Structures are given as C-alpha cells and as structure tokens.
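# Secondary and tertiary structure notes
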Amino acid sequence: MAEKAEQKREYRMEELAERAGITVRTLRFYRERKLIPPPRREGRIAWYDETHLARLRTISALLERGHTLNGIAELAEAFDHGRNVGELLGLGAPTEETPVRLTPEALADYFGDQATPENFAASLELGYLGTDGSEIVHISRRLLDVTAALVREGIPLAAVLDAGRRVRAHTESLAGLFADLVLAQGGTAEDLQRLRPLAKSVVEAELSMAMDRRLQQGGQGGQGGQGGQDTQRS
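Residue positions are counted from 1 within each chain, in the order its sequence is given. Given that this is a predicted model, residues contribute local features only at a pLDDT of at least 70 and side-chain atom pairs are listed and counted only at 80 or more, while totals for whole chains, interfaces and linings are drawn from all residues. In computing side-chain properties, one takes all heavy atoms of the structure into account and sets aside hydrogens as well as water.

### Looking at unusual backbone geometry
Test applied: Helix numbering and strand numbering both begin at the N terminus, where a helix is a DSSP run of H or I of at least 4 residues and a strand a DSSP run of E of at least 2.
Positive phi, normally seen in glycine, also occurs at Lys-34, with a value near 60°. By the element assignment, Lys-34 lies in the loop between α3 (24-32) and β2 (40-42).

The structure is reproduced here in structure tokens:
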C-alpha cells in the first residue's frame, strides 16, 4: 500500500524542483521547452507526479552524457509519440524473444553519441523500440545485444538500423514462404508453431553457406544473390 501511495504522490513546482535537484527557474524553462509533459491543473495550482520527476532525472543524466537540450527535446518528442509496447509486441502473440526495459539514459549508455533523435525515431519506426510509461522497451534482447556489438565494431548505428530494415523485409518473405508451405498441405497454426524450429534451421544453414561463399570471394558485398548463382555455374 505504501508503494502505491508513493507512485501516486504529487508535487508542487517548488517541491518537484527540489526533488530533481534543479532550480524552479530551470523547471519553468524545461516546461516552456516542452521537455516535460504538462502538469495536472487544480485551479491555479500545477501538480506534478513521479512521471515528471523521472523525466527531469533523465534530462539531467543525458546532459551529463553530453546531449544538448535541443537533442533531448527531440528525443522526448519521439518518446512521447512512440508506439505503446502492448501494440508493438502484440498481446498474447507467440514470441521467442525477450523484451528489455530501458531508461533513456541506459539506452544512451548502450550507444553513446549515436543515441541521436534520428536513430531513436528510426528504431521506433522499425519497431525495435516501444514505450511503456516512462520506460523504453526493446522488443528483443538478442537484437539489442547484436546491434550494440556491431556499433562497438565501428559500424554506425544508422547503417545497422538500415540493414535491419532490409533484413526485416527478407525475413517477412521467408516466414510467408514457410507458412504457405505448411498450410498448403492442410497444416494448422499449431503445426506451424510446432515446425517453427525447422524453418529457423533452414534459414540459419542457408545464411551460413551464403556467408561461406562471400568469404570465398574475399568478402565482397552488395552483389545480392549473385554469389550463389556464380557457385552454381562453376
């Protein structure tokens, strides 16, 4: 009960500023810049809650990491207009992926100066990220870890997200192909779920062999499916 009371606690402007470690003047400035959501009004009194406090602490953390107020404002706008995580994941939909809950500052720690408003918006559009109250949710621990690893290897986050968009198009086609293969023989959705590991094995094996062919060609890229055709003709 005490925890619920704490979650519902509201603050007047002076108290909120004190809790956030900033001045009232700074709080007013943030509100004018729309860095925080509007307060609840009760007559002439503005009431703020834990959501506002969390946002103010996020702003301070991002400023400490070198982000500008303009950049933070764009991030906040993208965050406020992001897809709800329930819509993103699909309530009750089958999944083998583990979502990851992140604060905006934790996301910045993952990607450093590449956690830009543009990349954040691209991740929201791609469906990698969703919002849940004051938290960001990444749809897949595996995708988050791989994305971060590629960025650490020196590949720009924007390029990784663009590749992810193209991979998504190909995998949607592969999933449709496998579903058609099973359902055309009278299979059911239950059969499709049961045979799902077989589809993954086929894709993993084919990708592995395609990477072998690329390596044999000296790692040349950007040739679409040409490598496989050359192998078949030789």
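### Some words on helix α4 (residues 50-64)
Each α-helix winds once per 3.6 residues, and so residues spaced three or four apart point in a common direction. For clarity, the threshold we go by: One less than the residue count of a helix, multiplied by 1.5 Å, gives the span that helix is expected to have. Exposed residues in this analysis have more than 50% of their type's maximum accessible area, buried residues have under 20%, and partly exposed residues fall in between, with area computed by a 1.4 Å probe over protein chains only. In protein, a polar contact requires one atom able to donate a hydrogen and another able to accept it; more generally it is a pair of N or O atoms within 3.5 Å, and residues adjacent in sequence count only if both atoms are side-chain atoms.
Taking 1.5 Å as the rise per residue, α4 with 15 residues should run 21 Å; its terminal C-alpha atoms sit 21 Å apart, in good agreement. By the burial criterion, the buried members of α4 are His-52, Leu-53, Arg-55, Leu-56, Thr-58, Ile-59, Ala-61 and Leu-62. N-cap assignment for α4: the residue whose side-chain oxygen lies 2.9 Å from the backbone N of Thr-51 is Asp-49. Directly beyond the C-terminal end of α4, a positive phi value near 95° is found at Gly-66.

### A closer look at the confidence of the model for the protein chain
So the rule is basically this: pLDDT measures the predictor's confidence residue by residue and takes values from 0 up to 100. Residues are treated as being in contact if the distance between any of their heavy atoms lies within 4.5 Å.
Summary statistics for the protein chain give a mean pLDDT of 83 and a share of 82% for residues scoring 70 or more. Ranking the elements of the protein chain by mean pLDDT puts helix α13 (residues 226-233) last with 43 and helix α10 (residues 157-183) first with 96. Scored below 50 in pLDDT, residues 1-6 makes three contacts in the model with residues more than four places away or belonging to other chains. Below a pLDDT of 50 lies the segment residues 224-234, which in the model reaches six contacts outside its immediate sequence neighbourhood of four places, other chains included.

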